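Examination of the molecular architecture
Take a look at the letters that make up each chain.
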Amino acid sequence: MYPPEPWDLRGQLYLSVFAVPRADLPALPDPLAAAVRPLPFGRRALVGAAWVRYEPGGVLQYRELLSAVLVHEGRRPRVSITEIWVDSVESRDGGRELWGIPKDLAELDVRTAPDGRTEGAASTGSGRIAAASFGAGLRLPGRWPAPMSVAQALDGAVKRTAVRGRAGLRLGGSTWRVEPDGPLGHLAGRRPLLTVTLADFRLRFGAPAPAAATSP
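Residues numbered from 1 in each chain as written. Predicted model: local features only at pLDDT ≥ 70, side-chain atom pairs only at ≥ 80, totals over all residues. Heavy atoms only, no water.

Notes on the side chain of Thr-197
- Residue position: Thr-197 is located in strand β16 (residues 194-205).
- We classify Thr-197 as buried; its relative accessible area is 8%.
- Residue contacts for Thr-197: discarding those within four places in its chain leaves Leu-13, Tyr-14, Gly-168, Leu-169 and Arg-170. (Helix = DSSP H or I, 4+ residues; strand = E, 2+ residues; numbered from the N terminus. Buried < 20%, exposed > 50% of the residue type's maximum accessible area, 1.4 Å probe, protein only. Contact = heavy atoms within 4.5 Å.)

Brief notes about the nonpolar core
- In this structure, Trp-51, Leu-65, Ile-129, Ala-130, Trp-176, Leu-184 and Leu-187 are the most contacted members of the largest nonpolar core, which totals 29 residues.
- Contact partners of Ala-130, with chain neighbours within four places excluded, come to Trp-51, Leu-65, Gly-120, Ala-121, Ala-122, Arg-177, Val-178 and Leu-184.
- Ranked by size, the runner-up nonpolar core spans 26 residues in total, among them Val-86, Ile-101, Leu-169 and Phe-201. (Core = buried A, V, L, I, M, F, W, Y, C linked by side-chain atoms within 4.5 Å.)

Quick look at a positive patch on the surface
- Taken together, the side chains of Arg-10, Arg-139, Arg-143, Arg-166 and Arg-202 present a region of like positive charge at the surface.
- As for its position among the elements, Arg-166 is in strand β14 (residues 157-171). (Patch = residues over 30% accessible without salt bridge, like charges linked within 9 Å, V, L, I, M, F, W, Y side chains within 5 Å. Areas by Shrake-Rupley, 256 points an atom, 1.4 Å probe, with all protein chains shown as cover. Salt bridge = Lys/Arg side-chain N within 4 Å of Asp/Glu carboxyl O. Lys, Arg positive; Asp, Glu negative; His and termini not counted. Charge placed at Lys NZ, Arg CZ, Asp CG, Glu CD.)

Here's the deal with the pairing of strand β13 (residues 148-154)
- Judged by how many residues are buried, β13 sits mostly within the fold: five of seven residues are covered.
- Here seven bridges tie β13 to β14, and the two strands are oriented antiparallel to one another. Residue pairing in the sheet places Ala-153 in a bridge with Val-158 of β14.
- Counting the residues that bridge the hairpin from β13 to β14 gives two residues, and of these Asp-155 lies at a positive phi of roughly 55 degrees. (Pairing = 2+ DSSP bridges.)

A short note on the layout of surface pockets
- Estimates place the volume of the largest pocket at around 920 Å³.
- Lining the largest pocket are 41 residues, with Leu-13, Leu-15, Val-79, Met-148 and Leu-198 sitting closest to its centre.
- Elements represented by at least two residues in the lining of the largest pocket include exactly β1 (7-21), β4 (44-54), β5 (62-73), β6 (76-86), β12 (144-145), β13, β14 and β16.
- With seven residues, the single largest contributor to the lining of the largest pocket is β16.
- Considering only residue class, the lining of the largest pocket consists of 35 nonpolar, two polar and four charged. (1 Å grid on protein atoms, 1.4 Å probe; cavity = no way out; pocket = protein on both sides within 12 Å on 5 of 7 lines; lining within 4 Å. Points joined across faces, edges and corners; volume = space filled by probe spheres on them. Nonpolar A, V, L, I, M, F, W, Y, C, P; charged D, E, K, R; others polar.)

Regarding the packing of aromatic side chains
- Applying the stated criterion across every chain yields a total of eight aromatic pairs.
- Arranged with centres 5.8 Å apart and planes meeting at 80 degrees, the rings of Phe-18 and Trp-176 form a pair that is edge-to-face. Here Phe-18 is found in strand β1, whereas its partner Trp-176 is found in strand β15 (residues 174-178), with 158 residues between them in sequence. Like Phe-18, the residue Trp-176 is buried in the burial classification.
- Summarising the aromatic geometry, the rings of Trp-51 and Trp-176 are spaced 5.9 Å apart at their centres and angled 35 degrees between planes, so their arrangement reads as tilted. One end of the pair, Trp-51, is in strand β4; the other, Trp-176, is in strand β15, and 125 residues separate them in sequence. Just as Trp-51 is buried, Trp-176 falls in that class too. (Phe/Tyr/Trp six-rings, centres within 6.5 Å; stacked < 30°, edge-to-face > 60°.)

Observations regarding helix α2 (residues 89-99)
- Along α2, the positions that sit buried rather than exposed are Ser-91, Gly-94, Gly-95, Leu-98 and Trp-99. For α2, the buried positions fall inside an angular range of 100 degrees around the axis, keeping them on one side.
- Within two residues after α2, Gly-100 carries a phi angle of roughly 75 degrees, on the positive side. (Arc of directions from axis to C-beta.)

Comments concerning the sheet that holds strand β8 (residues 107-112)
- Strand order in the open sheet formed by four strands is β8-β9-β10-β15, with antiparallel pairing between adjacent strands. The sheet terminates laterally at β8 and β15, the two strands that pair on one side only. Going from strand to strand, the sheet's axes swing by 5 degrees on average, the running direction of each strand aside.
- Note that strand β9 (residues 118-124) and strand β10 (residues 127-134) share seven bridges and pair antiparallel. Counted as the bridge partner of Ser-123 is Arg-128 from β10. (Axes fitted to C-alpha atoms, helices over the stretch in contact; angles between N-to-C directions.)

Okay, structure coming up:
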């Protein structure tokens with residue numbers, strides 16, 4: 001069992017953005033591939049890879065590693081998640097069945113040291129997926145909006161899901177160690193263009209189901 005949408009979540013998100021040749025991108029499934037295209041960045045596309053620690057105060061608490069491609073549907077920018085691992089069965093099942101997010105289970109560790117540095121590591125029974133290290137970074141004043149639209153394939157159609165939230169922002173650096181023969185091999189050996197932390201975020205993923213109509 002898993003919570004109905006929307007999911008109200010809280011926590012910390014550590015994001016790096018990579019420029020990847022479009023020929024190296026993971027293939028999008030049908031019918032999503034017919035509806036969206038990677039947003040061009042020269043001859044490359046932008047891929048975000050993030051470690052997330054969902055903390056008490058939200059509907060679920062778990063850890064996550066994901067990779068997503070910035071795409072466009074006509075003139076509308078969207079995000080499509082291509083690889084994702086969690087350490088929660090409820091999150092895996094809910095993500096797949098509600099929104100078409102291809103979550104798998106993995107052993108995940110995302111922890112922050114007293115000096116502010118955060119370390120992430122992910123592995124499955126087949127071996128290590130990736131590890132990363134994030135510096136504490138410079139905190140920008142205020143809390144920033146973090147809206148986006150996620151597009152996935154679900155039940156033979158394109159499922160579009162709104163995400164709304166706010167977070168503190170930190171700008172910093174990161175070091176990634178990605179297994180070249182693993183599922184994130186398209187990121188192996190690449191340096192991030194940008195690394196940001198969404199600190200103490202609060203977000204809402206999805207929307208409530210429409211109220212049932214009642215007869216007069």
